[in-house]
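# Understanding the architecture of this molecule
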Amino acid sequence: MSALIHSSEDDLVFLDEPEANDASHRTRLTKKWRIMIIDDDPDVHSATTFALGSLEIQHRPLSFLHAYSAAEARDILAHETDIAIILLDVVMEQEDAGLQLVSHIRTTLGLSDVRIILRTGQPGYAPEIDAIRDYDINDYKTKSELTRTKLYTAVTSAIRSYEQICAISASRRGLELIIHASTELMARQGLQNFSSGVLAQLVALLGGHTEGFVCSQQAISPLEPSLSSPETPSGLHVLAATQSFDNWVGEILDLVADAKIQTLVQQTLLARHNIYENAATVLFFSNVAQRELTVYLNTGSHLNEMDKRLLEVFCSNVSVGLDNVMLNSRLHNYAFYDPLTGLANRLKLLQTLNETLLSPLKQETALSLIDIDHFAETNDALGHHFGDLLLCAVARRLSDHFGNDYQIARVGSDTFALVGDEQKVCPDEILSLFTAPFEVDNQDVQLSATIGLIKLSDYEGDGSEALKDTNIALKRAKTHQRSGHAYFTRDMGVEIRERVRMMHALRGAFESERLFLVYQPQVDMRTKQAVGAEALLRWKTEEGKFVPPDQFIPIAEYSGLIVDIGEWVLRSACYELVNLRSMGHTDFQMAINVSQAQFSHPLFMQTLHRALQDTQAPPGCIELEITESMAMKDPELLIKTLHQIKQLGIRISIDDFGTGFSSLSHLQKLNVDKLKIDRAFVNEIDSASGNGSIAKMVVQLGQSLEMAIIAEGVETQTQTDTLLSFGCYLAQGYLYAKPMTREDLYPWLDNQKNLA
């Protein structure tokens, strides 16, 4: 059969299994390292044996045991001995089958010498730090990263560990100290704390007279604090030390150590393994983050072979702990710091705010959110890389100006936060930083910012609420004036929370069918006969109170709920039109309002088609009302969509005409059917100062463009007579009928017919 394996060039290839005579040749060799492969994938078994079968480690060949499930592995391990390494799949019968088997091996069977290397094809199932600590897992790798070379390296390292553990099993003190050290160091948090622990364990292992220090190379992650200055030749920094070297902690190695010590440490880093000299020993600890540690010990010449073996085992085990400390450190950094700027992130800011609000510092502290004006346009025009450099430049200027005494964070794509003394966290101080241009990629870029602020002295909420309220102030500032500022007030909080409360209540009302339609008849003022009706949305709460449309319609539009509500209104009105026609009102027109959010939705035409098809409403009796502001917002899109609507036979009306500073040229292009005179202009007819001149102008404009005209809000006979004199014949208003439910509409229409 063929097996999937990485070649020496680390490419995936399919190779034939070794011939039987090759296998028989290996079996003639007597002493072998026994390796057990536990994996539910036969190809993994084949690939592993092919990759390792012809190799020798420590001048000894390898032999293999195979188990294809955790249950089968338990049976084999119950009677097999001298297994050096177990290559174990994490996910088999269940997601944690591998870890359960490790527990069985270590706890139930008591096999403490065998080395376990976990492998997983699913990186998300890599073992947690607790599992590595509790079960003494030697290593873990994803299958994708285990090339032939890396597999050989991992197995070689594990076999060396196994051989050394077996060789020193008689030395119980050393073995117990190593296990204790590994477990204790696993619990350490942070590189410096881990380094101190390593040094303490080594002193205990080799004897109390050993002195030394731990040093590390400069950080490579922008999230980690720089451990040396750029001019440092070696980039080595002393992290921890025993008493003799105590004054070296925190210093640059080149500045405190003599040439002999520096040379020995550098040789260890270059060789990437431990170096044992007559005067001293330098240990090397590698890790996945490439943050290499070296430990210098003035052991002198008293180290024997057993001591060296103990140190090798110690380094092998502790390196796994170092991997996890570095991983945990990186996770901590990514959890609390912004990877682009190195500033604190939102989570770290909230932590600082909560601590500040519980301390006396609250009385003199302010929080500010700083939003870069028009950053999205800059990002789009000059590219995301330039935008990133620009954000870093802003972060540096904030950090340079305010220093370490202030908490500076990046809490959004182009939004920064600042916490500190309210005398300096103020609009003048912050906005002055944006006076001078920012130098980015050899270009001067002028920026402005808008800020929202809150004083924490009398604030009663927690950090999360303070951040929300500052964001409310920022939005208020952006609404009123860019490059300005606004302090949060209680009124702002009440307003936004009332809006959110109403938004949730509206969603609940829609889902529980507490929204309903009413219909206001539209009449021909000459005959007093109804020619149609406008469908109007109403909301009655569970307590029986009506919420005015001018309160909840803007909320529906703001939240996007208007799209779903609008579709329901469209369908309901179409069904009602069909009912009215079946009752004999065959010339009845149904006017239906359409919001900007509905109209600009990409599926609007599809929704309209489906409503007509499902209800079988005649398109010629339907009139869609759009506002004048909608008509002027995106004329090109509107013209295209209106053309598609008109092709269906549906009529178009412009509502509230005369209030939106319309462009007459656009109005001609729209090809609408009707103009509705706004009630404000109708009311002028009765006022002392007005004679209805604007209403008259709208009528004349409609007539010249061959459009129908309807007036809304007609409440008096004077208004009716005046409008008729202008040539406007259609109206709706309380003089003729109030909006009514479908149950009231039917008898009203019948009564109108009888009167006729």
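Residues numbered from 1 in each chain as written. Predicted model: local features only at pLDDT ≥ 70, side-chain atom pairs only at ≥ 80, totals over all residues. Heavy atoms only, no water.

### Looking at a negative patch on the surface
A surface patch of like charges, here negative, comprises Asp 40, Asp 41, Asp 43 and Glu 93. The exposure class of Asp 40 is partly exposed, given its relative accessible area of 39%. (Patch = residues over 30% accessible without salt bridge, like charges linked within 9 Å, V, L, I, M, F, W, Y side chains within 5 Å. Areas by Shrake-Rupley, 256 points an atom, 1.4 Å probe, with all protein chains shown as cover. Salt bridge = Lys/Arg side-chain N within 4 Å of Asp/Glu carboxyl O. Lys, Arg positive; Asp, Glu negative; His and termini not counted. Charge placed at Lys NZ, Arg CZ, Asp CG, Glu CD. Buried < 20%, exposed > 50% of the residue type's maximum accessible area, 1.4 Å probe, protein only.)

### Some remarks on the packing of helix α12 (residues 346-357) against helix α16 (residues 463-480)
Two elements in contact, α12 and α16, have axes whose closest approach is 8 Å; the angle formed by their N-to-C orientations is 110°. Between α12 and α16, the crossing angle belongs to the class labelled roughly perpendicular. Crossing geometry of α12 relative to α16 is assigned as right-handed. In contact with Arg 346, Leu 349, Leu 350, Leu 353, Asn 354 and Leu 357 of α12, α16 contributes Gly 463, Ser 464 and Leu 467. For the contact of α12 with α16, the per-class residue count stands at 5 nonpolar, 3 polar and 1 charged. (Axes fitted to C-alpha atoms, helices over the stretch in contact; angles between N-to-C directions. Helix = DSSP H or I, 4+ residues; strand = E, 2+ residues; numbered from the N terminus. Parallel < 35°, antiparallel > 145°, perpendicular 65-115°, else oblique. Left-handed = near helix turned anticlockwise from the far one by under 90°. Contact = heavy atoms within 4.5 Å. Nonpolar A, V, L, I, M, F, W, Y, C, P; charged D, E, K, R; others polar.)

### Concerning the nonpolar core
Leu 624, Ile 645, Ile 677 and Leu 723 are the most contacted members of the largest nonpolar core, which has 76 residues in total. Looking at this core element by element, the count peaks at 8 residues for helix α19 (residues 562-582). Setting aside residues no more than four positions away along its own chain, Leu 624 makes contact with Leu 570, Ile 592, Val 594, Phe 604, Leu 608, Ile 645, Ile 650, Arg 651, Ile 652 and Ser 653. Core analysis: the next-biggest nonpolar cluster, separate from the first, contains 28 residues, Phe 386, Phe 434, Leu 447 and Ala 449 among them. (Core = buried A, V, L, I, M, F, W, Y, C linked by side-chain atoms within 4.5 Å.)

### A closer look at helix α27 (residues 717-726)
Of the residues making up α27, those classed as buried are Gln 719, Thr 720, Thr 722, Leu 723 and Phe 726. Summarising the contacts, the buried residues of α27 are in contact with β27 (674-677), α25 (679-683), α26 (693-704) and β28 (708-712).

### Brief notes about unusual backbone geometry
Backbone geometry follows two general trends: most residues other than glycine have a negative phi, and most peptide bonds adopt the trans configuration. A positive phi angle is found at His 374, which is not glycine, with a value near 55°. Take His 374: it is sitting in the loop between β14 (365-372) and α13 (375-382). The exposure class of His 374 is partly exposed, given its relative accessible area of 44%. The backbone of Lys 528 sits at a positive phi, close to 65°, despite the residue not being glycine. Looking at Lys 528, the relative accessible area reads 38%, which means it is partly exposed.

### Things to note about the packing of aromatic side chains
Taken as a whole and assessed by the stated rule, the structure comprises 12 aromatic pairs. Where Phe 510 meets Trp 568, the ring centres are 6.5 Å apart and the plane angle is 75°; that geometry is what we call edge-to-face. With Phe 510 in helix α17 (residues 490-511) and Trp 568 in helix α19, this pair connects stretches of sequence that are 58 residues apart. Under the relative-accessibility criterion, Phe 510 is labelled partly exposed at 22%. Judged by its relative accessible area of 29%, Trp 568 falls in the partly exposed class. Where Phe 599 meets Phe 604, the ring centres are 5.5 Å apart and the plane angle is 40°; that geometry is what we call tilted. With a relative accessible area of 6%, Phe 599 lands in the buried category. Ring pairs connect the aromatic residues Phe 213, Phe 245, Trp 248 and Tyr 296, which therefore count as one cluster. Of note, Lys 455 hangs over the ring of Tyr 487, and the distance from its end group to the ring centre comes to 5.6 Å. (Phe/Tyr/Trp six-rings, centres within 6.5 Å; stacked < 30°, edge-to-face > 60°. Lys NZ or Arg CZ within 6 Å of the ring centre and 35° of its normal.)

### Considering the sheet that holds strand β11 (residues 275-276)
What the 5 strands build is an open sheet, ordered β10-β9-β13-β12-β11; its pairing is antiparallel. At either end of the open sheet lies a strand with only one pairing partner, and these are β10 (236-241) and β11. Examined bridge by bridge, β11 and strand β12 (residues 281-285) share 2 bridges and lie antiparallel to one another. Residue pairing across strands places Ile 275 opposite Val 282, the latter belonging to β12. Sitting on the sheet, helix α8 (residues 191-206) touches β9 (212-217), β10, β12 and β13 (293-297), and the angle it makes with β13 is about 35°. The sheet contacts of helix α10 (residues 259-271) involve β9, β10, β11, β12 and β13, and relative to β12 the element is tilted by about 35°. (Pairing = 2+ DSSP bridges.)

### Section: the confidence of the model for the protein
Per-residue confidence for the protein gives a mean pLDDT of 82, with 84% of residues at or over 70. Across residues 219-233, where pLDDT falls below 50, the model places 32 contacts with residues more than four positions away in sequence or in other chains. (pLDDT = per-residue confidence, 0-100.)

### As for the pairing of strand β3 (residues 33-38)
Consecutive side chains along a regular strand alternate between the two faces of the sheet. Most of β3 is tucked away, with 5 of its 6 residues classed as buried. Sheet analysis places β3 next to strand β5 (residues 60-67), joined by 6 bridges and oriented parallel. The residue bridging Ile 35 from the neighbouring strand is Phe 64, located in β5. Both β3 and strand β6 (residues 83-89) contribute to a ladder of 5 bridges, which runs parallel. Across the sheet, residue Met 36 finds its bridge partner in β6, namely Ile 86.

### Focus on the sheet that holds β6
Here we have 6 strands laid out as an open sheet, ordered β4-β5-β3-β6-β7-β8, and mixed in their pairing. The sheet is open, and its two edges are formed by β4 (56-57) and β8 (139-142), each paired on a single side. Of the strands in this sheet, β3, β5, β6 and β7 (115-120) touch helix α2 (residues 42-52), which is tilted by about 175° from β5.

### Notes on α16
Under the 1.5 Å per step criterion, the end-to-end length of α16 is 26 Å for 18 residues, consistent within 8% with the ideal 26 Å. Gly 463, Ala 466, Leu 467, Asp 469, Thr 470, Ile 472, Ala 473, Leu 474 and Ala 477 are the residues of α16 that are buried. Sitting at the head of α16, Asp 462 places a side-chain oxygen 3.3 Å from the backbone nitrogen of Ser 464. (Expected span 1.5 Å × (residues − 1). Polar contact = N/O pair within 3.5 Å; in protein donor to acceptor, adjacent residues only side chain to side chain.)

### What about the side chain of Thr 365?
Residue position: Thr 365 is located in strand β14. What makes Thr 365 buried here is its relative accessible area of 6%. Apart from the residues within four sequence positions on either side, Thr 365 is in contact with Thr 356, Val 419, Gly 420, Glu 422, Lys 455, Leu 456 and Ser 457.

### A few points about the side chain of Thr 294
For Thr 294, the location among the structural elements is in strand β13. Setting aside its immediate chain neighbours within four residues, Thr 294 contacts Phe 213, Val 214, Cys 215, Val 265, Thr 268, Leu 269, Val 282, Leu 283 and Phe 284.

### Considerations on the pattern of salt bridges
Applying the stated criterion to the full structure yields 15 salt bridges. Its salt-bridge partner being Glu 623, residue Lys 674 comes within 3.0 Å of it at the nearest N-O pair. Placement of the pair is Lys 674 in strand β27 and Glu 623 in strand β25 (residues 622-627), with a sequence separation of 51 residues. As far as the burial class goes, Lys 674 and Glu 623 line up, both buried. The closest approach of N and O atoms between Lys 646 and Asp 673, which form a salt bridge, is 3.5 Å. A residue pair is termed long-range when its members are at least 10 positions apart, and Lys 646 in helix α23 (residues 635-647) and Asp 673 in the loop between α24 (664-670) and β27 qualify at 27 residues. The buried category is assigned to Asp 673, whose relative accessible area is 17%. Connected through salt bridges with shared partners, the residues Glu 567, Arg 571, Arg 610 and Asp 614 form a single ionic network.

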